[in-house]
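# Fold and geometry: a report
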Amino acid sequence: MNTNRLSKTIQQALNDQMTKEAHAAQIYLSYGAWCDSEGYGGTANFLFRHAHEERNHMMKILEYILKRGGKPTVTAIPAPPADPESLHQCFEKVFQHEVDNTTAIYALVKLSFDEQDWATWNFMQWFVKEQTEEETLALDLLDKLKIAGGEKADVDMLYNLDRELKDKPDDATLAQEVTEEKP
Ligand code: FEO
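We now turn to the structure provided with this report. (Residues numbered from 1 in each chain as written. Predicted model: local features only at pLDDT ≥ 70, side-chain atom pairs only at ≥ 80, totals over all residues. Heavy atoms only, no water.)

Remark: helix α2 (residues 41–67) packs on helix α3 (residues 87–114), axes separated minimally by 13 Å, with the N-to-C direction vectors making an angle of 15 degrees. Regarding the angle of α2 to α3, the classification is roughly parallel. Crossing of α2 over α3 shows left-handed handedness. Across the interface between the two elements, Thr-43, Leu-47, His-50 and Glu-54 from α2 touch Leu-87, Cys-90, Phe-91, Val-94 and Glu-98 from α3. Classifying every residue of the contact of α2 with α3 by side-chain character gives 5 nonpolar, 2 polar and 2 charged. (Axes fitted to C-alpha atoms, helices over the stretch in contact; angles between N-to-C directions. Helix = DSSP H or I, 4+ residues; strand = E, 2+ residues; numbered from the N terminus. Parallel < 35°, antiparallel > 145°, perpendicular 65-115°, else oblique. Left-handed = near helix turned anticlockwise from the far one by under 90°. Contact = heavy atoms within 4.5 Å. Nonpolar A, V, L, I, M, F, W, Y, C, P; charged D, E, K, R; others polar.)

So, in structure tokens, the structure goes:
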């Protein structure tokens, strides 16, 4: 009796996404290590915390595959890309990475829709919302750097930005959650 409630295609796609989330954790770890080595300890702290969040995303998918009677396959994680050359480039790379991840999430949503796997479709909605938040968070980093002077930001500006990021929460407020009291 087949007790796996996931099709082969969906299970493989979920598995691939699981590895992508692990890869994302490696990317944040790697950029965090670069930031710290360049003296941006606060930004490193922010990126290290985010690496942890990406690992949680990975676990969420792994547990979902198991709950549906499937079998996750833990594979090798691709190496992170080369170090950025500036804080500005670091934030740009973070943003681009999140946009690419959103594309992968949307493909999974479409696949589950096409297969009429409504359980997976429903599960993936959490990731759709999460990606909106992640992109907002990454855009926010770029905005803060832009205000600080972008590529031309001086040492004092970068120092203040770095301190601010040390304790910056990992969550962004989404447009649909905004109220008059909580803009
Ligand atoms: Fe798990 Fe940053 O997306």
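Continuing now.
Quick look at the packing of aromatic side chains now. For the coordinates displayed, the defined rule picks out 5 aromatic pairs. Judged by centre distance (6.5 Å) and plane angle (45 degrees), the ring pair of Trp-34 and Tyr-40 falls under tilted. Both rings, one in Phe-123 and one in Phe-127, keep their centres 5.5 Å apart while their planes meet at 65 degrees; by these two values the pair is edge-to-face. Taken together, the residues span about one helical turn, with Phe-123 and Phe-127 both in helix α4 (residues 118–147) at a distance of 4 residues. For the pair formed by Phe-123 and Phe-127, the shared burial category is buried. Within the aromatic cluster, the residues linked to one another by ring pairs are Tyr-64, Phe-123, Trp-126 and Phe-127. (Phe/Tyr/Trp six-rings, centres within 6.5 Å; stacked < 30°, edge-to-face > 60°. Buried < 20%, exposed > 50% of the residue type's maximum accessible area, 1.4 Å probe, protein only.)

Next up on the list: unusual backbone geometry. With a phi close to 55 degrees, Gln-116 is a non-glycine residue in the positive phi region. Along the chain, Gln-116 turns up in the loop between α3 and α4.

Attention shifts here to the nonpolar core. Core analysis: the biggest nonpolar cluster contains 24 residues, and Cys-35, Leu-47, Leu-87, Cys-90, Phe-91 and Val-94 have the highest contact counts within it. In this view, Leu-87 contacts Trp-34, Cys-35, Tyr-40, Thr-43, Leu-145, Leu-158 and Leu-161; residues no more than four positions away in its chain are not counted. Counting residues in hydrophobic clusters, the runner-up holds 17 residues, among them Ile-10, Met-58, Ile-65 and Phe-123. (Core = buried A, V, L, I, M, F, W, Y, C linked by side-chain atoms within 4.5 Å.)

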